Amino acid sequence: MIVLGAKAGEHDACFALVKDGEPLFVYEQERFNRVKHGMSSDVSVLFEGLAEHGIAPGDIDLVATCGDHALVPERLRQAGEYLTGAALEKATENVKWRHPTFHRILAAAGFGEERVVDVRHHVSHVASVFHASPFDDSAVLSLDCSGEADTAMLAHCTRRDGIRILETIGLPHSLGRFYEAVTNWLGWGFGEEGKTMALAAYGDPKRYAADLSGLLRIGGDGLFEFDTGLTDGTFSYSTKELVAQVFEERFGPRRERDGALEQHHKDVAAAGQYLCEQVMLRLATTLKKRTGSNALLVAGGVALNSVGNGLIRREGIFQRITVYPQVTDAGAALGAALHTYHQRERSGPRRHWEMKHPFLGREIDLDRVEEAAAAAGVEGVRCDDPATFAAERLAAGQIVGWIQGRSEIGPRALGNRSILGNPATPGIKTRINAEVKHRENWRPFAPSVLEEDLSTYFEASEPLPYMTVVAPLREEWREKLDSISHVDGTARVGTVSESFNPLFTRLIREFKQRTGMGMVLNTSFNDKGEPIVQTCEQALRLFASSGMDVLVIGDRVFEDKSGAHVGGLDPLRINCRGLPDRPTLLVALQDADHAQRAVDVLGREQVVSTSAVCVVGERDTPRFAGEVVRVDGQDRLFETARKWPQVVVLVPWSADKFVFDPAVYHSETAETSRRLIEAGTHDLYWADPSGQVVPARDVLYVHHAQPSGVPAAYARYWEPAARK
């Protein structure tokens, strides 16, 4: 049985393919389009993965989505409890539009309704950890911003009975939304909650805990709710509203991203973290009482709060606490696939797969390493023993890039896409932050430690392989190892063993032979604001442009970068390479603020062989050495576009908004693009401000009947199956 799990759109888009109960791949969209958190509705990544594994789309038995739009009525009932009038009408329109969209994206890609199975969002989260675990009996806690109608789920899972839901918390009450609002008020955006968690250690939670506990009310059992007195029928408890109408009124204006971090910012972060920990701890205690299980699994975006996970561990409520690496919505794709397999497999005994390592992403493209090195102006040499070579350089205090095999899933580097340092080298933390990662120096790095040496350095003895649970560093090591110890004396530790990652384990053992220390500093191989690197080209670009001393890719070693000549490798430049190399018309609409950047990439860098720019309306003319055409309306635009075999329209929103936001789907920009297609411009692409470049037809008609005579961008993947 082959089951595809799909988070086909919006943030953390991901595809997971499961064959007979075991994952073949888990491909996160962000690794491919280079847009952090993969805000996408383009499913070409899926077809690439199928082709790599020799599987045709027609071979897939079932497609599992990590959301159940049968829960829409319940979601609307919830909305009716705190919204009225126009606000309720708007919310109703949005909910009815948004939830079926995940199905429609898959239908537009060729997957018929008969093959698509809905899995409740938090059940997907629960399944993603339970069906990956070795436990016959476990309690599971799932927490995030929201699913269809739930923001939290408590479950008891056994091999015999499967997933039994004990408790759920419905909208608008959301721990994830609360923590997101704290993060947003502190000046950061989506997915940057880890900064809030780190900053909290510098603050005093008592100063503002009472203020925030009035907003998020927590029962003794851990069940929580927002202050229901906030709503007047128009307040929807969105992050934006919470920041503007709660946080700014109580704590002052929202901090600018680059503004100073004052003590009151740190104290609000500390209070927010304290409340988050209280919810997690109390819910874990409730789960222990109701299940009697010895093991706790934590999932959902809030499960990335490694400090909260560490608190549960230290309290000893469960014998084991396990938090797998991909607990966000990206992991829900794997959970949906595993749940569907275990629910539907009837032809034979079900396979109980156990995640023993996280290396389910794409293999590094070693066949292109020489080409990428030549393009970057660096030379490498083969190395018979890369683990020993890296250990020697680390012992000498150098910063080492380490790329091997298939990539890790989730946001943590666990030994295959890592930047490494000697944790005892003075100033190593500052140097990596300033010269490689370009991030705030108050943020901690994590250690990878040999499993057998864990208790030497930390107040812990059980395996903690995924860097998702913090543990206290022993007092005698805190000063010497301040590069991997946070200000509170803890570290987001990752244990390493032969069964987990044999080559990385050997590297650390070789390092220990030279230094006496069975531990290395390990941070993800990416620059600030980027996803973890996917290709040799991306790794070599960061190596050549940063303070990294040496890079190891497979058995190649790169040290000399004196002749390097690398430029920025932003998402737009990478994604434009997917365009066919044919004469291209760039259409700069009036509200496309990224026009100059797109013109530079497609024009000056000659991503396509020939191009011209068409400026619509009164906007400024971008600087461009080639032909520039100005048109004053749609008719002239259509007349001009028909002369070009390929058109790229610069649009002001990300492509997923065209699918998930009804106002954008029916916007003038969308209608103009449809008219271009229907007038004969079949090869029409959108380039958005985030750098995504997508075939426009595959998002323009998701909610329409598909126009005849216009082939889908995915049609070529289905043709071999059709010929069978």
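Bear in mind the structure is a predicted one, so any value in this text is a computation, not a measurement.

J.: An account of empty space enclosed by the protein is needed here, citing residue identities and associated values.
T.: In the structure shown here, the tally under the stated rule is two cavities of 30 Å³ or more. Here the largest cavity is characterised by a volume of approximately 60 Å³. Every residue along the wall of the largest cavity is listed here: S128, V129, Y324, P325, Q326, V327, G331, L334, M355 and I409. Of all the secondary-structure elements, those providing two or more residues to the lining of the largest cavity are helix 6 (121-130) and helix 13 (329-344). Considered class by class, the residues forming the lining of the largest cavity number seven nonpolar, three polar and no charged.

J.: If you had to explain the layout of surface pockets to someone new, which residues and values would you point to?
T.: A volume near 1300 Å³ is recorded for the second largest pocket. E48, N575, R577, G578 and L579 are the residues nearest the centre of the second largest pocket, which is lined by 46 residues in total. For the lining of the second largest pocket, the leading source of residues is helix 1 (residues 29-33), giving four residues. A class-by-class count of the residues in the lining of the second largest pocket yields 21 nonpolar, 11 polar and 14 charged.

J.: Tell me what's going on with the packing of aromatic side chains, and back it up with residues and numbers.
T.: Counted according to the given criterion, the structure contains 23 aromatic pairs. Centroid distance F25 to Y27: 4.5 Å. Interplanar angle 35 degrees. Geometry classified as tilted. Y27 matches F25 in its accessibility class, with the two residues each being buried. These aromatic residues form a ring-pair network of at least three members: F47, F111, Y714, Y717 and W718. The aromatic ring of F543 is capped on one face by K561, whose charged end is 4.5 Å from the ring centroid. The aromatic ring of Y665 is capped on one face by R674, whose charged end is 4.4 Å from the ring centroid.

J.: Requested: an account of helix 13, with residues and values cited.
T.: Since the α-helix packs 3.6 residues into each turn, any two residues three or four apart lie on the same face. With 16 residues, helix 13 should cover 22 Å at 1.5 Å per step; its first-to-last C-alpha distance of 23 Å lies within 8% of that length. With 14 of 16 residues buried, helix 13 lies mostly within the body of the structure.

J.: I'd like to hear about the pattern of salt bridges, residue by residue, with values.
T.: Proximity of charged atoms lets side chains of opposite charge pair with each other. Summed over all chains, the structure comprises 42 salt bridges. R443 is the partner of E440 in a salt bridge, and the nearest nitrogen-oxygen pair spans 3.2 Å. Take E440 and R443: they sit in the same class, and that class is buried. For R514, the salt bridge is made with E510, and the minimal N-O distance between the two is 2.9 Å. Within this pair, R514 and its partner E510 are both found in helix 18 (residues 502-515), separated by four residues, close to a single helical turn.

Basis of the calculations
- Position numbers for residues start from 1 in each chain and track the written sequence from start to end.
- Since the coordinates come from a predicted model, pLDDT governs what is reported: local features require at least 70, and pairs of side-chain atoms require 80 or more to be given and counted, while whole-chain, interface and lining totals use all residues.
- The side-chain values count all of the structure's non-hydrogen atoms but skip hydrogen atoms and water molecules.
- Of the grid points, spaced at 1 Å and generated over the protein atoms alone, those admitting a 1.4 Å probe that cannot get out make up cavities, while open sets with protein on both sides within 12 Å along at least five of seven lines make up pockets; any residue with an atom within 4 Å of a point is treated as lining.
- Grid points are joined across faces, edges and corners, and a volume is the space filled by probe spheres set on the points.
- Only DSSP runs of H or I reaching four residues or more are called helices, and only runs of E reaching two or more are called strands; each is numbered from the N terminus.
- Polarity classes work like this: nonpolar for Ala, Val, Leu, Ile, Met, Phe, Trp, Tyr, Cys and Pro, charged for Asp, Glu, Lys and Arg, and polar for all others, with Gly in that last group.
- Pairs were defined over the aromatic rings of Phe, Tyr and Trp, the Trp ring being its six-membered one, requiring ring centres within 6.5 Å. Orientation was assigned from the angle between planes: stacked under 30 degrees, edge-to-face over 60, tilted for the rest.
- Any residue under 20% of the maximum accessible area for its type is buried, any over 50% is exposed, and the rest in between are partly exposed; the area is computed with a 1.4 Å probe on protein chains only.
- The criterion is that NZ of a Lys, or CZ of an Arg, lies within 6 Å of the ring centre and within 35 degrees of the ring normal, and then a charge sits over that ring.
- One less than the residue count of a helix, multiplied by 1.5 Å, gives the span that helix is expected to have.
- Salt bridges are defined by distance alone: a side-chain nitrogen of Lys or Arg within 4 Å of a carboxyl oxygen of Asp or Glu.

Read these as geometric descriptors, not functional statements.
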